[in-house]
Protein chains: 2
Amino acid sequence: MDDSLKPVRIGICGLGTVGSGTFNVLLENADAIAARARAPLQVTHVGARRDNPACDLAGIRLSRDIFEVARDPEVDVLVELIGGTTVARELIETAIRSGKHVVTANKALIAEYGNELFALAAEHNVALRYEAAVAGGIPIIKALREGLAGNRIEWLAGIINGTGNYILSEMREHRREFADVLAEAQALGYAEADPTFDVEGIDAAHKLVILASLAFGIPLQFASVYTEGITLLTPQDLDYAEELGYRVKHLGIAKQGDRGVELRVHPTLIPKDQLLANVNGVKNAVLVEGSAVGPTLYYGAGAGGKPTASAVVADLVDLARDLSAGQVSRVPSLSFADTSLQDLPILPMAEVETPWYLRMEADDKPGVLSRIASIFSDQGISIEALIQKAPTAGQVRVPLIVLTNRAAQGRVDDAVEQIEALDSIAGRVTRIRVEILDG
Amino acid sequence: MDDSLKPVRIGICGLGTVGSGTFNVLLENADAIAARARAPLQVTHVGARRDNPACDLAGIRLSRDIFEVARDPEVDVLVELIGGTTVARELIETAIRSGKHVVTANKALIAEYGNELFALAAEHNVALRYEAAVAGGIPIIKALREGLAGNRIEWLAGIINGTGNYILSEMREHRREFADVLAEAQALGYAEADPTFDVEGIDAAHKLVILASLAFGIPLQFASVYTEGITLLTPQDLDYAEELGYRVKHLGIAKQGDRGVELRVHPTLIPKDQLLANVNGVKNAVLVEGSAVGPTLYYGAGAGGKPTASAVVADLVDLARDLSAGQVSRVPSLSFADTSLQDLPILPMAEVETPWYLRMEADDKPGVLSRIASIFSDQGISIEALIQKAPTAGQVRVPLIVLTNRAAQGRVDDAVEQIEALDSIAGRVTRIRVEILDG
């Protein structure tokens with residue numbers, strides 16, 4: 001063991017899945033952690049409304065009022081694991097104002113209030129770390145802030161919501177309906193009773209905002225993300241996608257282009273031989289395109305007590321190493337020096353260009369296809385592939401699937417509006433974006 | 001830009017593929033790099049035996065004697081990109097003794113002389129960084145030293161030689177022979193004129209030794225690695241593996257078990273739906289099993305000028321950030337504090353247990369199979385699967401493929417010796433280890 005044996009004193013607020021995971025990882029791996037940090041990491045105070053039988057708190061100060069932890073002079077680092085954006089925000093602000101460093105796993109809080117919180121932390125010369133806020137145990141924030149620091153990041157695309165990926169994987173593998181899989185995921189505890197955050201893409205949007213800031217050096221801006229969930233996907237669409245050589249994944253995508261930054265979360269067809277297409281179940285993965293390194297991919301558990309604790313403890317070790325060097329802000333919070341952050345324009349979705357997968361129900365009669373083709377042609381949209389299914393006995397309508405070349409959403413919207421107005425087309429046209437990732 | 005604008009002065013030694021890549025990445029991405037490092041990274045001196053037309057050296061001091069760079073008071077960091085273990089070692093030692101920090105991409109040097117070089121760097125209070133030494137642009141060293149610092153690392157398995165992976169991918173996809181693909185790879189410049197380092201697994205062994213030290217906190221020990229190349233693999237073996245549900249990859253594997261550490265490089269059958277099995281061509285990937293996080297995977301370009309430069313520049317940015325904090329040894333060289341490194345026993349290969357793929361040419365007559373089965377049974381080896389091909393017209397021998405359950409190599413060696421002695425078996429038995437990775 002090194003000579004600098006002064007322990008780093010940790011206060012954990014919240015003793016749920018991640019809180020108890022963090023508590024126990026610090027305990028179980030104490031030797032390896034101390035050898036790496038060159039100092040013991042010692043939990044001195046736990047703030048939790050109730051005990052967790054998974055944690056043996058003997059000899060550790062326990063407060064029902066978590067703000068006691070934020071004000072405890074025997075705590076060097078407060079670990080915020082209560083979630084939410086109201087009390088958690090107040091707690092972190094209190095800790096920072098009390099001169100404590102903070103480690104958090106709270107993606108919503110960082111995405112929505114990170115700019116202010118990082119400024120407050122800088123003002124008080126303390127660290128605010130958040131590796132666990134994106135993709136659980138995958139050290140993606142460290143990769144972007146440090147490992148890829150020599151690159152201009154051109155784009156990134158990630159499966160950053162495990163619940164959504166689990167649902168899509170189940171739908172595809174077993175041809176099940178969305179609602180059916182969701183109900184099961186809720187019963188198994190993979191999905192929340194209110195699944196909105198996961199299945200509508202809000203959770204993914206929170207994470208994407210953080211990744212985009214780190215990648216491009218732009219301020220956090222949750223309001224700028226276009227967000228589309230997975231609730232309207234059908235097993236049929238997943239099947240047709242496979243037939244065309246693609247797989248449907250719910251991705252968070254950030255791209256830096258000449259005309260602006262794209263920030264979007266939506267179901268996406270990607271080539272099925274891509275690694276990202278083969279990330280299944282609750283796992284997460286982020287594919288990052290750097291100007292020098294090309295594509296790199298980071299894969300692992302995106303949620304869960306111990307995996308998320310892995311990221312929390314990595315932040316704590318990082319911080320302990322910084323404290324031994326007497327400087328906690330060697331890496332800028334958002335990778336780029338605050339004074340270098342640029343508020344780049346966000347490209348409106350109408351101008352975002354991708355290839356498109358479009359599915360419609362068409363009357364099985366002559367002339368329909370040529371009518372549709374001419375609508376696309378008028379909008380300058382070219383067709384890359386088309387599947388027209390033969391009608392089964394008694395069917396008057398057949399599914400028609402069109403894969404287009406790159407086209408701005410605005411043009412596709414116009415084309416779809418005209419197609420939906422045709423008498424020979426029933427109902428709405430299903431639209432899913434396509435990305436041909438380099439990976 | 002930040003107030004600490006003092007540039008970090010860089011001397012690059014070697015202007016080959018990686019040297020010129022590094023020079024140009026520093027130039028092309030200068031703004032983003034300075035914004036991240038909070039200081040400009042400025043190349044002030046280049047040491048190279050000859051110019052490289054890819055680099056515009058106008059205004060930069062150029063020396064034909066690379067030791068001039070190591071002694072230049074206008075250089076803060078020496079970047080060693082000449083390769084080899086003789087002059088490179090002397091160069092780095094000279095730089096360290098002159099009080100310069102060093103960044104290197106030299107895997108052989110770190111694997112073979114790293115223990116001594118890290119000690120020398122510590123003695124002179126300078127940094128010696130080597131992210132580029134393993135898996136090119138993939139920030140795997142940072143992931144192990146920092147991102148996974150909360151875990152006990154249980155094992156890791158990596159595709160860490162791009163040339164070998166390219167050859168195996170081509171052999172499988174196009175059913176080509178090893179020698180044929182190698183000759184083409186040499187013509188294309190993917191493989192060296194002397195391919196020994198790549199195809200015999202020596203390059204992978206260098207990298208594995210480094211990864212194992214970082215993972216387990218053991219000293220670097222190149223001599224301890226068991227190394228087996230890919231020269232004896234045939235397209236038939238790759239085919240049979242697929243038939244059994246596996247793919248053959250050349251892996252570096254490090255495991256920490258109760259009886260010792262396993263350090264081995266060899267062809268390996270892995271389940272073909274694993275991400276690692278789907279890493280093709282020259283790409284690299286490392287799968288790491290952490291006690292808290294579970295499996296994580298890191299994928300990207302393992303070689304090439306710009307990708308390797310990405311890792312070199314990441315080290316430079318890291319160092320610049322450390323210099324701004326006035327402390328360059330916040331992270332121990334091998335992840336664990338020097339005083340915590342443990343020289344754990346290495347498990348002899350005879351005791352290493354894996355399932356096995358065995359292929360033999362057997363006479364197509366009754367009794368052969370039962371004879372073989374009884375040899376396995378006597379050694380306590382159970383059979384998991386078996387393929388016996390029907391003979392084609394006129395064939396007197398048929399290929400017999402056996403997949404065993406876990407068995408120590410010693411027992412398999414004994415069984416194979418007995419099988420090879422049978423009159424009904426022609427030639428040698430092909431043996432390939434199997435790993436059922438959690439991924």
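All values reported here derive from a predicted model rather than from experimental measurement. (Residues numbered from 1 in each chain as written. Chains lettered and ligands numbered in written order. Predicted model: local features only at pLDDT ≥ 70, side-chain atom pairs only at ≥ 80, totals over all residues. Heavy atoms only, no water.)

S.K.: How would you explain the overall build of chain A if you had to name every residue and give the values?
M.R.: For chain A, the helix and strand inventory stands at 14 helices and 18 strands. Principal axes of the C-alpha set define a box for chain A whose edges measure 80 × 45 × 35 Å. Residues counted as buried form 62% of the 439 residues belonging to chain A. Within chain A, counting contacts between residues at least 6 apart in sequence, those at least 24 apart form 72% of the total. For chain A, the exposed area adds up to about 15,900 Å²; of that, 47% sits on carbon and sulfur atoms. Distance from the positive charge centre (41 side chains) to the negative charge centre (58 side chains) of chain A: 2 Å. (Helix = DSSP H or I, 4+ residues; strand = E, 2+ residues; numbered from the N terminus. Buried < 20%, exposed > 50% of the residue type's maximum accessible area, 1.4 Å probe, protein only. Contact = heavy atoms within 4.5 Å. Areas by Shrake-Rupley, 256 points an atom, 1.4 Å probe, with all protein chains shown as cover. Lys, Arg positive; Asp, Glu negative; His and termini not counted. Charge placed at Lys NZ, Arg CZ, Asp CG, Glu CD.)

S.K.: How would you explain a nonpolar patch on the surface if you had to name every residue and give the values?
M.R.: Side chains of Leu188, Tyr190 and Val282 of chain A sit close together on the surface and give an oily, nonpolar patch of about 280 Å² of accessible area. Locating Leu188 of chain A in the fold gives a position in helix H8 (residues 178–188). (Patch = residues over 30% accessible without salt bridge, like charges linked within 9 Å, V, L, I, M, F, W, Y side chains within 5 Å. Salt bridge = Lys/Arg side-chain N within 4 Å of Asp/Glu carboxyl O.)

S.K.: Describe the sheet that holds strand S6 (residues 128–129) of chain A, naming the residues involved and giving the relevant values.
M.R.: Residue and element names in this part refer to chain A. The six strands lie next to each other as S3-S2-S1-S4-S5-S6, forming an open sheet whose pairing is parallel. The open sheet is flanked by strand S3 (61–63) and S6, the only strands paired with a single partner. The sheet contact formed by strand S4 (residues 77–80) and strand S5 (residues 101–104) spans four bridges and is parallel. Within the sheet, the bridge partner assigned to Glu80 lies in S5 and is Thr104. In the packing of helix H12 (residues 305–325) onto the sheet, the strands contacted are strand S1 (8–13), strand S2 (41–47), S4, S5 and S6, and the crossing angle to S5 comes to about 160°. (Pairing = 2+ DSSP bridges. Axes fitted to C-alpha atoms, helices over the stretch in contact; angles between N-to-C directions.)

S.K.: Mind laying out the relation of the copies chain A and chain B, listing which residues take part and the relevant values?
M.R.: Between the two copies, chain A and chain B, the superposition gives an RMSD of 0.0 Å; the rotation angle is 180° and the shift along the axis is 0.0 Å. In short, the pair behaves as if placed about a two-fold rotation axis. Across chain A, the smallest distance between a C-alpha and the rotation axis is recorded for Tyr298 of chain A, namely 2.5 Å. Counting the interface residues of chain A, we find that 100% of their copies in chain B are interface residues as well, pointing to one common contact surface. (Least-squares fit on C-alpha atoms with pLDDT ≥ 70 in both.)

S.K.: How would you summarise the UniProt feature "binding site: NADP(+)" (unreviewed entry) in chain A if you had to cite specific residues and measurements?
M.R.: All names here are of chain A. Cross-referencing UniProt, the feature "binding site: NADP(+)" (unreviewed entry) maps to Cys13, Gly14, Leu15, Gly16, Thr17, Val18, Gly19 and Ser20 in the present numbering. Residue placement: Gly19 occurs in helix H1 (residues 17–28). Overall, the relative accessible area of 9% leaves Ser20 in the buried class. In this structure, Ser20 is in contact with Leu15, Asn52 and Cys55, ignoring residues within four places of it in sequence. Engagement of the side chain of Ser20 in a polar contact is seen with the backbone oxygen of Thr17, the distance being 3.3 Å. (UniProt positions renumbered as here; feature names shortened; annotations may be inferred. Polar contact = N/O pair within 3.5 Å; in protein donor to acceptor, adjacent residues only side chain to side chain.)

S.K.: I'd love a proper account of the domain arrangement of chain A, names of residues and values included.
M.R.: Each assigned domain of chain A is listed here: domain 1 (8–137 + 305–340), domain 2 (141–301) and domain 3 (350–434). Summarising the inter-unit geometry, the C-alpha centres of domain 1 of chain A and domain 3 of chain A are found 51 Å apart. (Domains from an automatic or database assignment.)

S.K.: Go over the sheet that holds strand S3 (residues 61–63) of chain B, please, and point to the residues and values.
M.R.: Adjacent strands of a sheet pair through backbone hydrogen bonds, lying either parallel or antiparallel. Residues and elements named next belong to chain B. In space, the six strands of this open sheet follow the order S3-S2-S1-S4-S5-S6, with parallel pairing throughout. Each having just a single partner strand, S3 and strand S6 (128–129) make up the two edges of the open sheet. Of the strands in this sheet, strand S1 (8–13) and strand S2 (41–47) touch helix H1 (residues 17–28), which is tilted by about 155° from S1.

S.K.: Give a description of the UniProt feature "binding site: L-homoserine" (unreviewed entry) in chain A that names residues and reports values.
M.R.: Residues and elements named next belong to chain A. Under the present numbering, the feature "binding site: L-homoserine" (unreviewed entry) in UniProt falls on Glu192. Structurally, Glu192 can be placed in the loop between H8 and helix H9 (196–199). With relative accessibility at 52%, the residue Glu192 sits in the exposed group. Contacts of Glu192, omitting those with residues within four sequence positions, involve Gln186 and Asp198.

S.K.: Mind laying out the interface of chain A and chain B, listing which residues take part and the relevant values?
M.R.: Opposite the 59 residues of chain A that make contact, chain B presents 59 residues. Its largest share of buried area at the contact with chain B, chain A owes to Arg36, Tyr299 and Arg330 of chain A, together 16% of the area lost on that side. In this assembly, chain A and chain B are joined by six salt bridges. Put simply, chain A and chain B have 30 residue pairs in polar contact (both at pLDDT 80 or more) between them. Looking at which element gives the most residues to the side of chain A that touches chain B, the answer is H12 of chain A, with eleven residues. Tallied by class, the residues present in the side of chain A that touches chain B amount to 29 nonpolar, 17 polar and 13 charged. Pairing analysis gives three bridges linking strand S12 (residues 294–301) of chain A to strand S12 (residues 294–301) of chain B, with the strands arranged antiparallel. By the bridge assignment for S12 of chain B, Tyr298 of chain A is matched with Tyr298 of chain B. (Buried area = accessible area lost by both parts, 1.4 Å probe. Nonpolar A, V, L, I, M, F, W, Y, C, P; charged D, E, K, R; others polar.)

S.K.: Give me the lowdown on the packing of aromatic side chains, citing residues and values where you can.
M.R.: Residues and elements named next belong to chain B. Within this structure, the stated rule accounts for three aromatic pairs over all chains. Their ring planes at 50° and their centres at 5.3 Å tell us that Phe118 and Tyr130 sit as a pair that is tilted. Of this pair, Phe118 sits in helix H5 (residues 107–123) while Tyr130 sits in the loop between S6 and helix H6 (140–147), and the two are twelve residues apart along the sequence. The class of Phe118 is buried, set by a relative accessible area of 7%. For Tyr130, a relative accessible area of 1% puts it in the buried group. The ring centre of Tyr113 lies 4.0 Å from the NZ or CZ of Arg89, which sits over that ring. (Phe/Tyr/Trp six-rings, centres within 6.5 Å; stacked < 30°, edge-to-face > 60°. Lys NZ or Arg CZ within 6 Å of the ring centre and 35° of its normal.)

S.K.: Could you give an account of the packing of helix H6 (residues 140–147) of chain A against helix H12 (residues 305–325) of chain B, with specific residues and numbers?
M.R.: One way to put it is that H6 of chain A packs onto H12 of chain B with a least axis distance of 9 Å and a crossing angle of 85°. As summarised for this structure, H6 of chain A and H12 of chain B are arranged roughly perpendicular, according to the angle between their axes. In this structure, H6 of chain A uses Arg145, Glu146 and Gly147 of chain A to contact H12 of chain B, whose residues at the interface are Ser310, Ala314, Asp318 and Arg321 of chain B. Classifying every residue of the contact of H6 of chain A with H12 of chain B by side-chain character gives one nonpolar, two polar and four charged. (Parallel < 35°, antiparallel > 145°, perpendicular 65-115°, else oblique.)

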